[in-house]
Amino acid sequence: MVTMEKIVSLAKRRGFVYPACEIYGGLANAYSYGPYGTELKNNIKKLWWKTFVDKREDIIGIDGPIILHTKLWDASGHTTGFNDAMVDCKKCNKRFRADHLIAEAINEDLEGDLKRIDKVLKEKKIKCPDCGASEWTNSKNFNMMFKTEMNGFDGDVYLRPETAGAIFVDFKNIVDSMRVKIPFGIAQIGKAFRNEIVAGNFIFRTREFEQMEIEYFIDPEMKWESLFEEWLKLQEEFTIALGAKKKDIRRHEHPKEKLSHYSKKTTDIEYNFPFGFNELYGLAHRGDFDLSQHSKFSNQKLEYFDVEKNKKYIPHVIEPTFGLDRSLLVSLLSAYTEEKIGEGTRVVMKFPKNLAPVQIAVFPLLRNKPELVKKAKQIYDDLKNDFICEFDDNGNIGKRYRRQDEIGTLYCLTIDFDSLEKDDLTIRNRDTMKQERVKIKESKSYLKGEIYDK
Ligand code: GAP
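Per chain, residues are indexed from 1 in the order of the written sequence. The predicted origin of the model limits local features to residues at a pLDDT of at least 70 and limits the giving and counting of side-chain atom pairs to 80 or more, whereas totals for whole chains, interfaces and linings rest on all residues. In computing side-chain properties, one takes all heavy atoms of the structure into account and sets aside hydrogens as well as water.

(A) Local environment of the packing of aromatic side chains. Here a Phe, Tyr or Trp ring, Trp counted by its six-membered ring, pairs with any other such ring whose centre lies within 6.5 Å, and the pair is stacked when the planes are under 30 degrees apart, edge-to-face when over 60, and tilted otherwise. Scanning the model with the defined rule gives 28 aromatic pairs in all. Ring geometry for Phe184 versus Phe217: centroids 5.4 Å apart, planes at 40 degrees, classification tilted. Separated by 33 residues along the polypeptide, Phe184 in strand 10 (residues 184-193) and Phe217 in strand 11 (residues 208-218) bring together distant segments of the chain. Of the two residues, Phe184 and Phe217, both sit in the buried class. The helix and strand labels rest on DSSP assignments: H or I over at least four residues marks a helix, E over at least two residues marks a strand, and numbering proceeds from the N terminus. Working definition: with a 1.4 Å probe on protein chains only, accessible area under 20% of the residue-type maximum means buried, over 50% means exposed, and in between means partly exposed.

Printed below as a string of structure tokens:
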């Protein structure tokens, strides 16, 4: 069974994810992506962009700034309303997110209801997870935006708490400069920052993370229900493309009374993480809230003229949002496999072919035989133009296979003494562990067929 401990340990040992600033004792649940984590993350981004931007005629991409005009956050309601409830333990002074404490203790969702939170904390004698006491301060709202200063701008500026803001403020430019026709979407991948009261569960909840978001603009009179369903399916399909199993994915529709006044519907895609089902992605019908608010706060008309219907309107928005770090966590959890071989166990990361951080590793059988090393280097130099490749001559072959399996390398190529005579090499398949001898001159097209065409 895959546990968070196993994933965290493999991620560090094999260069996927490291605790940030470890030499200084770490920094409040922040993480740094190592070389293989970065490749994996880039592959997930590429897959997302290809799926939702490159392959679609109705979605275009942008890349907006992290620091945006403060009025934008006033208009979206973040400066006043982007709050979580915090509470401190009077005994050990540890700080917690109050609604999460209650949800974990008695499985009740009191998000946003400070009065009831205080009542329940007292009446149910909810215990501090750290010291066991049940003496709490009153809960209070804590704004999660990171504040900073910017030369040339009067007043505070904020690191964006979601990428969506940058999309809405570019709406007018997109409509004016591109030949977009409703329905159309604007997509963006980038960093977002939230001063979470408690970060945790590895890269599941951090204060600096990445989102992949789309604002999909529609005619306000459109029957949107089937489009909403289509987007949910696309989000589920993307989760499957990360390697997840269907049984580990479920939907959670937010109850009507919990929806913001402007939202017609919000549904989360949840994944069965080792710590339980939790939000992976979200889909929200946001009405015309965002464009109307930005129009009001900026005094600019953010309308769309529908030539075919000969009418002007503020479009409504359906917003599919995908967390990139949570996607990466799902791909690590889904890939992790332990297989019994003989007396031992092999750990192998069975990433889908298009996500594997290394596609091919090339080995000389022995590192102290220059003729083998030279030939292996030549092959590596040739293949690295077409594949993500690694040259590996460390330790014995068994150790190299173990390491490459734990990284999820699709194929390992070995150059041995026969290779020098017969101009061939062995290709070992990660999943079946079967080895085939293939002529060197045919190996590239063989690998292209296996990796890109199958
Ligand atoms: N624009 C809508 C929006 O930001 P959200 O549900 O607050 O919606 C979207 O965030 C996604 O971002 C989540 O579904 C999750 O995948 C990811 N996310 C949110 N907070 C996060 C955090 N603290 N750490 C890692 N990922 C986070």
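(B) Examining the packing of helix 2 (residues 35-54) against helix 11 (residues 324-335) more closely. Here helix 2 crosses helix 11 at 110 degrees, and the two axes come no closer than 10 Å. For the element pair helix 2 / helix 11, the angle class is roughly perpendicular. Here helix 2 and helix 11 pass one another in a crossing that is right-handed. Along the contact surface, helix 2 presents Gly37, Leu40, Lys41, Ile44 and Lys45, while helix 11 presents Leu324, Asp325, Ser327, Leu328, Ser331 and Leu332. Basically, the charged four are Asp, Glu, Lys and Arg, the nonpolar ten are Ala, Val, Leu, Ile, Met, Phe, Trp, Tyr, Cys and Pro, and anything else, Gly included, counts as polar. Partitioning the contact of helix 2 with helix 11 into residue classes produces 5 nonpolar, 3 polar and 3 charged. For helices, the fitted line uses only the C-alpha atoms of the stretch in contact; every axis is such a line through C-alpha atoms, and the angle between N-to-C directions lies from 0 to 180 degrees. Roughly parallel covers angles under 35 degrees, roughly antiparallel covers those over 145, roughly perpendicular covers 65 to 115, and oblique covers all other angles. Helix crossings get a hand from a simple test, with the near helix turned counterclockwise from the far one by less than a right angle marking a left-handed crossing and a clockwise turn marking a right-handed one. Whether two residues are in contact is decided by their heavy atoms: any pair within 4.5 Å suffices.

(C) A look at a nonpolar patch on the surface. Patches here are clusters of residues that have more than 30% relative accessible area and form no salt bridge, with a 9 Å joining cutoff for like charges and a 5 Å cutoff for nonpolar side chains (Val, Leu, Ile, Met, Phe, Trp, Tyr). All accessibility values rest on the Shrake-Rupley procedure with a 1.4 Å probe; residue burial counts only the protein chains present in the view. For this document, the term salt bridge refers to a Lys or Arg side-chain nitrogen within 4 Å of an Asp or Glu carboxyl oxygen. On the surface, Leu366, Phe417 and Leu420 cluster together into a nonpolar patch covering about 220 Å² of accessible area. Within the element layout of this structure, Leu420 appears in helix 14 (residues 417-422).

(D) Up close: the site of the ligand. Inspection of the region around the ligand gives 17 residues, with Glu162, Arg194, Glu213, Glu279 and Leu280 positioned closest. Between N or O atoms, a polar contact is any pair within 3.5 Å; within protein, one atom must be a potential hydrogen donor and the other a potential acceptor, and residues adjacent in sequence are included only when both atoms are from side chains. The side chain of Glu279 places a nitrogen or oxygen atom 2.6 Å from an oxygen atom of the ligand. Taken together, the elements giving at least two residues each to the shell around the ligand come down to strand 11, strand 14 (276-287) and strand 17 (316-323). The near set for a molecule or strand comprises every residue that places at least one heavy atom within 4 Å of it.

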